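Structure assessment
This is what each chain is made of:
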Amino acid sequence: MDPVGLLLELAPLEGEEARGAFVAERLPGARRDGLGNVFAGEGEVLLLAHLDTVLPPRPLRAVGERLYGPGVGDNTSGVAVLLSLPEIPGVVRGFTVGEEGLGNLRGARALVAGLRPKVVVAVDGYIPGVVDRALGSVRFAVRFLGPGGHAWGDRGSPNPVFALAEALTALRARLGEEKEVSLNASALKGGEAVNAIPKEASALLEIRALEEEKLLALFQEARDLFQEAARRNRVEVALEVLGRRPAGSTATEALRRAAEEALKAIGERAAFQAGSTDASAAVERGIPALALGVYRGGGAHTEEEWVLPRSLLEGRKALLAFLKALGVG
């Protein structure tokens, strides 16, 4: 099948259910599990592409050679490339749910646990990227709680919004000193009226790091900073871990050499890097794994995400060359 044609059909579809149904209709021997994963084939090599997108898809917009639309690259293009492959002996093609946001790799983790492959390759990312090192993360929610009150009549009462602001400022200052670490804060909420002291303030946060020990240490520091901010502002604080992804690498030299051969087949040189993909579900189980980029584009996780549609043909060629280099098929 033509990956460009598949991309044009798949990109406007919203939601894992609709996308999973699209894939299942076109995948010979397709099976679906209770989570919504779609997979087919038999073998020890598991190829994974995630069905979900960060932002809801919209109708595609063509500008020159580019196609624009939320999720058109990550990972609609990866799904289109993987779906376009022929049936290959020894290879299972899996299309997963729950890779983005708070999905916590639930689809990939279920397939890896159930199928027990010996090699896992995530079909995800830009050409010539090869993710051979899993980027660890902790995703969590924090809530500061106070009594609330009247902005004037209860002036001086504890305000959880100020506690949240202080904690985020302190955490940003602390993590800003660390190399190869990232902090993100989103979904901030607090209060409903300008003249009422809020009873609650909350946020979603994510810390990423290349080393597992560093990640756990920074998360503990974050907890301490939130508790200190709560103490200073005389409010309560509650923290809930929403997701964890491992840091580390299980990529073998054979996998790296195959990736180099794959990129060489399309005139590129492999760019090895760290990243967070479905391959992380295999890394945490000690299974050899990496991720292979299969399209050219930019603007991932934004409204202005774009791809060069013809690049999916390059990605398909590279993926087939990768499997050949592994001796599969």
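Data block above holds the structure.
Keep in mind it's a predicted model, so treat the numbers as computed, not measured.

Notes on helix α5 (residues 160–175)
Helix length check: α5 (16 residues) gives 22 Å between terminal C-alpha atoms against 22 Å at 1.5 Å per residue, within 8%. Regarding α5, the residues found buried are Pro 160, Ala 163, Leu 164, Ala 167, Leu 168, Leu 171 and Leu 175. Take α5 and look down its axis: the buried residues cluster within an arc of 125°, on one side only. Along α5, the residues that are exposed and aim more than 90 degrees away from the buried face are Phe 162, Thr 169 and Arg 172. At the N-terminal end of α5, a side-chain oxygen is found 2.9 Å from the backbone nitrogen of Val 161, two or three residues along, and the residue is Asn 159.

Looking at the sheet that holds strand β5 (residues 66–68)
Read across the open sheet, the 4 strands follow the order β4-β5-β18-β17; overall the sheet is antiparallel. Each end of this open sheet is capped by a strand with a single partner; those strands are β4 (61–63) and β17 (297–298). Of the strand pairs in this sheet, β4 and β5 are connected by 3 bridges, and their pairing is antiparallel. In the strand pairing of β5, Arg 61 is matched with Tyr 68.

As for the side chain of Arg 19
If you trace the backbone, Arg 19 turns up in helix α2 (residues 16–26). Asp 52 provides the closest opposite charge to the buried, unpaired Arg 19, separated from it by 7.9 Å. Within the structure, the side chain of Arg 19 is placed 2.8 Å from the backbone oxygen of Leu 13, a separation counted as a polar contact.

Overview of the sheet that holds strand β11 (residues 181–190)
Across the sheet, which stays open at both edges, the 4 strands sit in the order β11-β13-β9-β14 with antiparallel pairing between neighbours. Every interior strand has two partners, whereas the edge strands, β11 and β14 (236–245), have only one. Mean inter-strand twist for the sheet, computed between neighbouring axes without regard to direction, equals 15°. Sheet topology note: the β11/strand β13 (residues 200–209) ladder contains 8 bridges and is antiparallel. For Ser 186, the partnering residue across the bridge sits in β13 and is Leu 204. Docked against the sheet, α5 engages β9 (136–145), β11 and β13, running at close to 15° with respect to β13. Its contacts with the sheet put helix α6 (residues 212–233) on β9, β11, β13 and β14, and the angle it makes with β14 is roughly 165°.

Remarks on the environment of Phe 322
Residue placement: Phe 322 occurs in helix α9 (residues 311–326). Looking at Phe 322, the relative accessible area reads 0%, which means it is buried. Each C-alpha atom of the pair Phe 322 and Arg 256 lies 9.7 Å from the other, and the pair is 66 residues apart in sequence. Setting aside chain neighbours within four positions, we find Phe 322 in contact with Val 121, Leu 255, Ala 258, Ala 259, Ala 262, Leu 290 and Leu 292.

Points about the layout of surface pockets
In this approach a probe as big as a water molecule rolls over the atoms, and the regions it shows empty are the leftover space. The calculated volume of the largest pocket comes to roughly 850 Å³. Surrounding the largest pocket, 35 residues form its lining, Asp 74, Glu 100, Arg 139, Arg 208 and His 301 being those nearest its centre. Those elements giving two or more residues to the lining of the largest pocket turn out to be β8 (129–134), β9, β11, β13, β14 and β15 (271–275). Per-element accounting of the lining of the largest pocket gives the leading share, 4 residues, to β13.

Brief notes about the environment of Trp 306
Structurally, Trp 306 is set in strand β18 (residues 306–307). On the basis of relative accessibility, which here comes to 17%, the residue Trp 306 falls in the buried class. For Trp 306 and Gly 69, which are 237 residues apart along the polypeptide, the C-alpha to C-alpha distance reads 6.2 Å. Those residues within four positions of Trp 306 in sequence are excluded, and the remaining contacts are Arg 66, Leu 67, Tyr 68, Val 72, Arg 296, Gly 297, Gly 298 and Gly 299.

Re the pattern of salt bridges
Overall, the coordinates contain 27 salt bridges when judged by the stated rule. The partner of Glu 221 in a salt bridge is Arg 174, and the shortest N-O contact between them spans 2.5 Å. Here Glu 221, found in helix α6, pairs with Arg 174, found in helix α5; they are 47 residues apart in sequence, far enough to count as distant. Judged by its relative accessible area of 28%, Glu 221 is partly exposed. In this structure, Arg 296 engages Glu 314 in a salt bridge whose closest nitrogen and oxygen atoms are separated by 2.9 Å. Placement of the pair is Arg 296 in the loop between β16 (289–292) and β17 and Glu 314 in helix α9, with a sequence separation of 18 residues. Salt bridges here are not isolated pairs; linked through shared partners, they connect Arg 174, Glu 177, Glu 178, Lys 214 and Glu 221.

What counts, and where the lines are drawn
- Residues numbered from 1 in each chain as written.
- Predicted model: local features only at pLDDT ≥ 70, side-chain atom pairs only at ≥ 80, totals over all residues.
- Heavy atoms only, no water.
- Helix = DSSP H or I, 4+ residues; strand = E, 2+ residues; numbered from the N terminus.
- Expected span 1.5 Å × (residues − 1).
- Buried < 20%, exposed > 50% of the residue type's maximum accessible area, 1.4 Å probe, protein only.
- Arc of directions from axis to C-beta.
- Polar contact = N/O pair within 3.5 Å; in protein donor to acceptor, adjacent residues only side chain to side chain.
- Pairing = 2+ DSSP bridges.
- Lys, Arg positive; Asp, Glu negative; His and termini not counted.
- Salt bridge = Lys/Arg side-chain N within 4 Å of Asp/Glu carboxyl O.
- Axes fitted to C-alpha atoms, helices over the stretch in contact; angles between N-to-C directions.
- Contact = heavy atoms within 4.5 Å.
- 1 Å grid on protein atoms, 1.4 Å probe; cavity = no way out; pocket = protein on both sides within 12 Å on 5 of 7 lines; lining within 4 Å.
- Points joined across faces, edges and corners; volume = space filled by probe spheres on them.

Any functional reading would require information beyond the geometric quantities listed.
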